[in-house]
Amino acid sequence: MKKTLVGAGLSFVLLCSPFQQSFAAETTGELRQVDTVAHRGAAGYAPENTLAAFDKAVEMKSDYIEIDVQQSKDGELVIIHDTTVDRTTDGSGKVGDLTFEQLRTLDAGSWMGKQFAGEKLPTFDEILDRYHGKTGILIEIKAPELYPGIEERVAAELKERNLDLPQNEKIIIQSFNFESMKKMNKLLPKVPIGVLTASKDNTSLQKLQEFAEYADYFNPHYSIVTEELVDNVHTLGMKISSWTVRSQKTADFLLNMDVDAIITDYPDYVDPRK
Ligand code: G3P
Ligand code: CA
């Protein structure tokens, strides 16, 4: 196991097992695991939210992949970040206005390079079947307000595979939509829930206490992470996963902040052996 020890500006590596994971050390010398979450797959190296990006993340031994789940016009759960297909495919229009057949014909890889031509929008069930057991899956429900009933559909797919049970704890569900996450917690009480935010207003003790009633993770943008925030989140019994690392400097900052997981386009910035 690789352990990255971070303290007083000093990092070093220990090799002890086949699993490579980063550890942050507090001044007490205590080691704590830092999970590496490959954002939209290893999105720095392959087109986001495609099998190429998720396969790359697994190849890089990421602890989790992060996926963005939305819904087609005819109710299929698909993996894409933006609420339109314009930026990351050769098509145009809103995800929710296109049928699954229309979405599936799109090229979701060429925008990043010819070598990725032909990558398709994956489906949610495809991701669960292909990656569960190989890596953890951080499921973001993207813009659930656009897709009434998406929480029930996500819950059904997980239950069908027994992925809602405690022994399958490497499944986490998160969203910027807090009402959706309250609902998700009721639907799947044993699955860890995360709230996403980039707003400092959501870091007050009162807000954190509200989140702790239904969430297990408080997942902020790195720009609002402070030592005090990390301590408060931990005191309330939650974990903290921060996003999105696109530079070594940001990775080093978050490692020093003692967060529990780092969500990154570049898994190797968090752990150079990834
Ligand atoms: O997992 C955190 C991150 O994905 C949230 O932002 O916009 O990349 O979905 P975004
Ligand atoms: Ca996301």
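Residues numbered from 1 in each chain as written. Chains lettered and ligands numbered in written order. Predicted model: local features only at pLDDT ≥ 70, side-chain atom pairs only at ≥ 80, totals over all residues. Heavy atoms only, no water.

Draft legend 1. Region of interest: helix H3 (residues 124–131). Along H3, the residues that are buried comprise Phe124, Ile127, Leu128 and Tyr131. One side of H3 carries all its buried residues, which in axial view fall inside an arc of 100°. For H3, the elements touching its buried residues are helix H1 (51–59), strand E5 (64–71), strand E6 (77–79), strand E7 (136–141) and helix H4 (150–160). (Buried < 20%, exposed > 50% of the residue type's maximum accessible area, 1.4 Å probe, protein only. Helix = DSSP H or I, 4+ residues; strand = E, 2+ residues; numbered from the N terminus. Arc of directions from axis to C-beta. Contact = heavy atoms within 4.5 Å.)

Draft legend 2. Representation of the coordination of the calcium ion (ligand 2) within the structure. Distances from the calcium ion (ligand 2) to its protein donors, Glu66 (OE), Glu66 (OE), Asp68 (OD) and Glu140 (OE), fall within 2.1 to 3.2 Å. Geometry at the calcium ion (ligand 2) is irregular, judged from its six donor atoms and the angles of 43 to 174° they form at the metal. (Donors = N, O, S within 2.8 Å, 3.2 Å for Na, K, Ca; no water. Tetrahedral: all angles 85-135°; square planar, octahedral: opposite > 155°, others 65-115°.)

Draft legend 3. Structural view of empty space enclosed by the protein. Taken as a whole and assessed by the stated rule, the structure comprises one cavity of 30 Å³ or more. Space inside the largest cavity adds up to approximately 60 Å³. Together, Glu48, Asn49, Thr50, Ile79, Ile80, His81, Thr88, Thr89, Ala108 and Leu121 line the largest cavity. Residue classes in the lining of the largest cavity are distributed as four nonpolar, five polar and one charged. (1 Å grid on protein atoms, 1.4 Å probe; cavity = no way out; pocket = protein on both sides within 12 Å on 5 of 7 lines; lining within 4 Å. Points joined across faces, edges and corners; volume = space filled by probe spheres on them. Nonpolar A, V, L, I, M, F, W, Y, C, P; charged D, E, K, R; others polar.)

Draft legend 4. Main features of the site of ligand 1. By nearness alone, every residue bordering ligand 1 is listed as His39, Arg40, Glu66, Asp68, His81, Glu140, Lys142, Gln174, Phe176, Leu196, Trp243 and Ile263. In the model, an oxygen atom of ligand 1 is placed 2.8 Å from a nitrogen or oxygen of the Lys142 side chain. In the model, an oxygen atom of ligand 1 is placed 2.9 Å from a nitrogen or oxygen of the Gln174 side chain. Contact with the protein chains covers 91% of the free accessible surface of ligand 1, which is 290 Å². Across the shell around ligand 1, the residue classes tally to four nonpolar, three polar and five charged. (Near = heavy atom within 4 Å. Polar contact = N/O pair within 3.5 Å; in protein donor to acceptor, adjacent residues only side chain to side chain. Areas by Shrake-Rupley, 256 points an atom, 1.4 Å probe, with all protein chains shown as cover.)

Draft legend 5. How the structure looks around the confidence of the model for the chain. Per-residue pLDDT for the chain averages 90, and the proportion of residues at 70 or more is 88%. Scored below 50 in pLDDT, residues 1–20 makes 49 contacts in the model with residues more than four places away or belonging to other chains. When the criterion is pLDDT under 50, residues 25–29 qualifies, and its contacts beyond four places in sequence or with other chains add up to five contacts. (pLDDT = per-residue confidence, 0-100.)

Draft legend 6. Spotlight on the pairing of strand E12 (residues 261–264). Here E12 shows a buried face lined by Ala261 and Ile263 and a second buried face lined by Ile262 and Thr264. Bridge count between strand E11 (residues 239–245) and E12: three bridges; the pairing is parallel. Bridge assignment links Ser242 to a residue of E12, and that residue is Ile262. In this region the chain leaves E11, passes through helix H8 (residues 248–256) and returns to the parallel neighbour E12; the handedness of that crossover is right-handed. (Pairing = 2+ DSSP bridges. Right-handed = clockwise from strand over helix to strand, strands pointing away.)

Draft legend 7. Structural context of the packing of aromatic side chains. This structure, assessed with the given rule, holds six aromatic pairs. Taken together, a centroid distance of 4.8 Å and an interplanar angle of 65° make the contact between Phe178 and Phe211 edge-to-face. One end of the pair, Phe178, is in helix H5 (residues 178–187); the other, Phe211, is in helix H6 (residues 205–212), with 33 residues separating them in the sequence. With centroids separated by 4.7 Å and ring planes inclined at 15°, the aromatic side chains of Tyr266 and Tyr269 adopt a geometry described as stacked. Judged by relative accessible area, which is 23%, Tyr269 ranks as partly exposed. Grouped by ring-pair contacts, the aromatic residues Tyr45, Tyr266 and Tyr269 constitute a single cluster. Over the face of the ring belonging to Tyr45 we find Lys56, whose NZ or CZ atom lies 5.9 Å from the ring centre. A cation over a ring is seen here: Lys170 above Tyr64, with NZ or CZ 5.0 Å from the ring centre. (Phe/Tyr/Trp six-rings, centres within 6.5 Å; stacked < 30°, edge-to-face > 60°. Lys NZ or Arg CZ within 6 Å of the ring centre and 35° of its normal.)

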